[in-house]
Amino acid sequence: MRHRLDGGDDAAVADPNGHTITTYVGLVGPMITYLLPLLIANTGGRMVYGVRGGVVGTIATMGVIVGSNIPMFIGAMLMGPLGGWVMKKIDSIWDGKIKPASRCWSTTSRRIVGAILSIGAFFGIAPLVEGLSNALQVAVNWLISHTCCHCRAS
């Protein structure tokens, strides 16, 4: 086993021919925690309001990810399109009032809206989704414990 700089170890697995294959188990966790939810959020935001919606949805989703202890796929599915929709509505407020080529205002407004949504998601959406997930986990565990013995055997 090789020792990694972050303190974890790579898992060594032997294939049928006896060769040792090193798997990088430290790569999967961050991808599930961060990358996949952010890609989901970006896609949802883009579907609602293009690139601007994707950026705001991704920023807003970071609040959900940081505010919970579980992978936030449902939170990303909520915050991505919500971020795109909010940005679309805010842009419609000052459509025609601010020069479209004003790149400074364009990027600043995305940052401000994304930061506000991210803080709201951290304190509001993350606890709700995590609570829903825990409730569903309890319900599934109850269903499993109350199945008949024939169903549990298979």
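Residues numbered from 1 in each chain as written. Predicted model: local features only at pLDDT ≥ 70, side-chain atom pairs only at ≥ 80, totals over all residues. Heavy atoms only, no water.

Chemist: Whenever I open this one, the overall build of the protein chain confuses me. Can you help?
Modeler: Along the protein chain, the regular secondary structure elements total 4 helices and 2 strands. In sequence order, the protein chain lays out its α and β elements as β-β-α-α-α-α. Out of the 154 residues belonging to the protein chain, those deemed buried represent 25%. Pairs at least 24 apart in sequence give 61% of the contacts found in the protein chain among residues at least 6 apart. For the protein chain, the exposed surface amounts to about 10,100 Å²; the carbon and sulfur share of it is 69%. (Helix = DSSP H or I, 4+ residues; strand = E, 2+ residues; numbered from the N terminus. Buried < 20%, exposed > 50% of the residue type's maximum accessible area, 1.4 Å probe, protein only. Contact = heavy atoms within 4.5 Å. Areas by Shrake-Rupley, 256 points an atom, 1.4 Å probe, with all protein chains shown as cover.)

Chemist: When you look at the side chain of arginine 110 in this model, what are you seeing that I'm missing?
Modeler: Structurally, the position occupied by arginine 110 is in helix H3 (residues 103–145). Within the buried core, arginine 110 has no salt-bridge partner, and the shortest N-O distance to an opposite charge, that of aspartate 91, equals 7.5 Å. When residues no more than four places from it in sequence are discounted, the contact partners of arginine 110 are Arg52, Val55, Val56, Ile59 and Met87. (Lys, Arg positive; Asp, Glu negative; His and termini not counted. Salt bridge = Lys/Arg side-chain N within 4 Å of Asp/Glu carboxyl O.)

Chemist: How should the side chain of threonine 58 be read in this particular structure?
Modeler: Note that threonine 58 resides in helix H1 (residues 28–66). Excluding residues that lie within four positions of it along the chain, threonine 58 makes contacts with Leu38, Ala41 and Asn42.

Chemist: Honestly, the nonpolar core in this entry has me stumped. Any pointers?
Modeler: Across soluble globular proteins, you tend to see nonpolar side chains buried next to one another. Judged by nonpolar contacts, the single largest core of 14 residues is most densely connected at Val56, Val64, Met72, Met79, Val113 and Leu117. Mapped by element, the contributors of at least two residues to this core are H1, helix H2 (73–93) and H3. (Core = buried A, V, L, I, M, F, W, Y, C linked by side-chain atoms within 4.5 Å.)

Chemist: Please explain the pattern of salt bridges as it appears in this structure.
Modeler: Should the charged atoms of two oppositely charged side chains come close, the side chains can pair. Using the criterion set out here, one finds 1 salt bridge in the structure. A salt bridge links arginine 52 to aspartate 91; the nearest nitrogen and oxygen atoms lie 2.8 Å apart. With a gap of 39 residues between them, arginine 52 in helix H1 and aspartate 91 in helix H2 connect regions that are remote in the sequence. Judged on exposure class, the residue arginine 52 and its partner aspartate 91 are both buried.

Chemist: Mind showing me how you'd approach the packing of aromatic side chains here?
Modeler: The geometry of two aromatic rings is summed up by the distance between their centres and the angle between their planes. For the structure shown, the criterion picks out 1 aromatic pair. A ring pair is formed by phenylalanine 122 and phenylalanine 123, whose centres lie 4.8 Å apart and whose planes are at 85°; its orientation type is edge-to-face. Judged by its relative accessible area of 32%, phenylalanine 122 falls in the partly exposed class. (Phe/Tyr/Trp six-rings, centres within 6.5 Å; stacked < 30°, edge-to-face > 60°.)

Chemist: Could you clarify how one ought to interpret the packing of H1 against H2 in this entry?
Modeler: For any two helices packed against each other, the geometry comes down to the angle between their axes and how far apart the axes lie. Across the interface, H1 lies against H2 with an axial gap of 9 Å and an inter-helix angle of 30°. In terms of axis orientation, H1 runs roughly parallel to H2. Along this stretch, H1 crosses H2, giving a crossing that reads as right-handed. (Axes fitted to C-alpha atoms, helices over the stretch in contact; angles between N-to-C directions. Parallel < 35°, antiparallel > 145°, perpendicular 65-115°, else oblique. Left-handed = near helix turned anticlockwise from the far one by under 90°.)

Chemist: Help me understand H1, please; the structure alone is not making it clear to me.
Modeler: The periodicity of an α-helix, 3.6 residues per turn, causes residues three or four positions apart to be oriented the same way. For H1, with 39 residues, the first-to-last C-alpha span of 17 Å runs short of the 57 Å given by 1.5 Å per residue. Residue tyrosine 49 marks the point of greatest curvature in H1, where the axis turns by about 145°. (Expected span 1.5 Å × (residues − 1). Bend = angle between axes of the 7 residues up to and from the residue.)

Chemist: I keep staring at a nonpolar patch on the surface and nothing clicks. Help me out?
Modeler: A contiguous nonpolar patch, built from Leu27, Val28, Met31, Ile32, Leu35, Leu36 and Leu39 and spanning about 570 Å² of accessible area, is present on the exposed surface. Counting through the fold element by element, leucine 39 comes out in helix H1. (Patch = residues over 30% accessible without salt bridge, like charges linked within 9 Å, V, L, I, M, F, W, Y side chains within 5 Å.)

Nothing here speaks to function; it is all geometry.
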